[in-house]
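The lines below spell out each chain.
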Amino acid sequence: MMPHMIVKNAAMTKDNAENAALVQTMGFESNKEYNEIMFLREITHTVNMFNDMGDIVSLSYQLFII
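Residues numbered from 1 in each chain as written. Predicted model: local features only at pLDDT ≥ 70, side-chain atom pairs only at ≥ 80, totals over all residues. Heavy atoms only, no water.

Caption draft 1: Highlighting the overall build of the protein. Check the secondary structure of the protein and you find two helices and zero strands. Burial analysis of the protein (66 residues in total) assigns 3% to the buried set. With an accessible surface of roughly 6,000 Å², the protein has 65% of that area assigned to carbon and sulfur atoms. (Helix = DSSP H or I, 4+ residues; strand = E, 2+ residues; numbered from the N terminus. Buried < 20%, exposed > 50% of the residue type's maximum accessible area, 1.4 Å probe, protein only. Areas by Shrake-Rupley, 256 points an atom, 1.4 Å probe, with all protein chains shown as cover.)

Structure, rendered in structure tokens:
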């Protein structure tokens, strides 16, 4: 393994350990559970944004029709 790869892997291992500690501190049982919750959170934000955009288009259409 190349020296720069060893350093990169060591940094990733350190980040993973820090992430695992953060996940446990926040009360999640595992990294997988944390990742699933964060994914659902991002999906929720995206869906809400599209709903808001739809409301704006609908209101704009209603204002210009009247």
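Caption draft 2: Spotlight on the confidence of the model for the protein. With 76% of its residues at a pLDDT of 70 or more, the protein has an overall mean of 78. Counted against residues more than four places away or in other chains, residues 1-12, with its pLDDT under 50, gives two contacts. (pLDDT = per-residue confidence, 0-100. Contact = heavy atoms within 4.5 Å.)

Caption draft 3: Looking closely at a nonpolar patch on the surface. On the surface, Ile37, Phe39, Leu40, Ile43 and Val47 cluster together into a nonpolar patch covering about 450 Å² of accessible area. In this fold, Val47 is placed in helix α2 (residues 31-65). Residue classification places Val47 among the partly exposed residues on the basis of a relative accessible area of 42%. (Patch = residues over 30% accessible without salt bridge, like charges linked within 9 Å, V, L, I, M, F, W, Y side chains within 5 Å. Salt bridge = Lys/Arg side-chain N within 4 Å of Asp/Glu carboxyl O.)

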